[in-house]
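One-letter residues, chain by chain:
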Amino acid sequence: MAKPVERARPRLASDLTTSEATLEDEAEIAEAILTGDLSGLVVEHAHLLGCRLVGVRLTGAELRRCRLVDCVIVDSDLSGVVLDGCTLTRVELRSCRLSGLQGAAVKYADVALVGCRADGANFRMSTWERAELEDCDLSDADFGGAQLPAARLVGCDLSGVDLSKCDLAGASLQGSTLERITGAEALRGVTLGSDQIVPAALALFGALGIRVNDEV
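Report on the accompanying structure.

Procedures and definitions
Residues numbered from 1 in each chain as written. Predicted model: local features only at pLDDT ≥ 70, side-chain atom pairs only at ≥ 80, totals over all residues. Heavy atoms only, no water. Phe/Tyr/Trp six-rings, centres within 6.5 Å; stacked < 30°, edge-to-face > 60°. Helix = DSSP H or I, 4+ residues; strand = E, 2+ residues; numbered from the N terminus. Buried < 20%, exposed > 50% of the residue type's maximum accessible area, 1.4 Å probe, protein only. Pairing = 2+ DSSP bridges. Axes fitted to C-alpha atoms, helices over the stretch in contact; angles between N-to-C directions. Contact = heavy atoms within 4.5 Å. Core = buried A, V, L, I, M, F, W, Y, C linked by side-chain atoms within 4.5 Å. Polar contact = N/O pair within 3.5 Å; in protein donor to acceptor, adjacent residues only side chain to side chain. Salt bridge = Lys/Arg side-chain N within 4 Å of Asp/Glu carboxyl O.

## Concerning the packing of aromatic side chains
Alright, step 1. Tallying each qualifying case throughout the model produces four aromatic pairs.
Alright, step 2. Summarising the aromatic geometry, the rings of Tyr-108 and Trp-128 are spaced 4.0 Å apart at their centres and angled 15° between planes, so their arrangement reads as stacked. In this pair, Tyr-108 sits in strand β11 (residues 107-114) while Trp-128 sits in strand β12 (residues 127-129), placing the two residues 20 residues apart along the sequence.
Alright, step 3. Given the relative accessible area of 2%, Trp-128 is considered buried.
Alright, step 4. Where Phe-123 meets Trp-128, the ring centres are 5.5 Å apart and the plane angle is 75°; that geometry is what we call edge-to-face.
Alright, step 5. Taking the relative accessible area as the measure of exposure, Phe-123 reaches 1% and is therefore buried.
Alright, step 6. Put simply, the rings of Tyr-108, Phe-123, Trp-128 and Phe-143 touch in pairs and so form one group of aromatic residues.

Next up, the structure:
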């Protein structure tokens, strides 16, 4: 079973320069504080290194084969953003809106989502290393086939989440809502709180086709 390893935090310089957010194909932006509206942006091969994004609006943007390293994203709107072939390394998203995010097959290393709304997000076949998802709304998100060994998904709303063929070995799910999840077999080897026993059992019963009937 995978053992928890502490997540590496973003490494940011103390003297970042503030600027209006602009992104172009193959651009490299380093050590900056970015703000502004980039809704609907389509960009390829852009790199953000050691940046802090504050109040940035990226609604419906398409980021193709982009790379984010050592970044912190705060109070920003990434609803409907498409991450196509992107990699995120040592990235934190705090109090962000990620509803409907398309992050399938993306590589996430040392990534944290804290207090984010990611309902209906698509994380199918994604790969996570040392993931931390805390106090997030992940309702109806799709983690089918995702790799999340030893992840921390604590205090999250996981109602209606699809975990089919997801690797959660060694993960911690304490305090998270488990109602209506599918692919409950993925809960093998996870750590739960005592208050989660009933919803987890019901999900497993459903996955195994077990019916509860007191009538003889």
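## Remarks on the sheet that holds strand β7 (residues 62-64)
Alright, step 1. Read from one edge of the open sheet, three strands run β4-β7-β9, paired in parallel fashion. At either margin of the open sheet sits one strand with a lone partner, and together these are β4 (42-44) and β9 (82-84). Across the sheet, the mean angle separating the axes of adjacent strands is 10° when strand polarity is ignored.
Alright, step 2. Examined bridge by bridge, β4 and β7 share three bridges and lie parallel to one another.

## Overview of the environment of Ala-32
Alright, step 1. Positionally, Ala-32 belongs in strand β3 (residues 32-35).
Alright, step 2. For the pair Ala-32 and Val-190, spaced 158 residues apart in sequence, the C-alpha separation works out to 39 Å.
Alright, step 3. Here Ala-32 is in contact with Leu-16, Thr-17, Ser-19, Gly-50, Cys-51 and Arg-52, once residues within four sequence places are set aside.

## Overview of the pairing of strand β10 (residues 87-94)
Alright, step 1. Pairing analysis gives seven bridges linking strand β8 (residues 67-74) to β10, with the strands arranged parallel. Each residue of the ladder has a partner; that of Cys-71, found in β10, is Val-91.

## Focus on the nonpolar core
Alright, step 1. Judged by nonpolar contacts, the single largest core of 64 residues is most densely connected at Leu-93, Trp-128, Leu-138 and Phe-143.
Alright, step 2. Contacts of Phe-143, omitting those with residues within four sequence positions, involve Phe-123, Trp-128, Leu-133, Leu-138, Leu-148, Val-161, Asp-162, Leu-163, Ser-164 and Cys-166.

## Describing the side chain of Ser-76
Alright, step 1. Here Ser-76 is to be found in the loop between β8 and β9.
Alright, step 2. Of note is the side chain of Ser-76, whose polar atom sits 3.0 Å from the backbone oxygen of Val-74.
Alright, step 3. Among all residues touching Ser-76, those that are not within four sequence positions of it are Leu-53, Val-54, Gly-55, Val-56, Ser-95, Cys-96 and Arg-97.

## Looking at the side chain of Arg-7
Alright, step 1. Positionally, Arg-7 belongs in the segment before β1 (17-20).
Alright, step 2. Other than its neighbours up to four places away in sequence, Arg-7 contacts Glu-92, Asp-110, Val-111, Ala-112, Arg-130 and Glu-132.

## Concerning the pattern of salt bridges
Alright, step 1. A full pass over the atoms with the stated rule returns 15 salt bridges.
Alright, step 2. Here Asp-77 makes a salt bridge to Arg-57, at a shortest N to O gap of 3.6 Å. With a gap of 20 residues between them, Asp-77 in the loop between β8 and β9 and Arg-57 in the loop between β6 (52-54) and β7 connect regions that are remote in the sequence.
Alright, step 3. Between Arg-124 and Asp-142 there is a salt bridge whose closest N-O contact spans 3.2 Å. Of the two residues, Arg-124 sits in the loop between β11 and β12 while Asp-142 sits in the loop between β13 (132-134) and β14 (152-154), which places them 18 residues apart along the sequence.
Alright, step 4. Note on Arg-124: relative accessible area 35%, which makes it partly exposed.
Alright, step 5. Asp-142 sits in the buried class, given a relative accessible area of 18%.
Alright, step 6. Linked by salt bridges that have partners in common, Arg-7, Arg-9, Glu-92, Arg-94 and Glu-132 make up one network.

In short, geometric facts, not functional conclusions.
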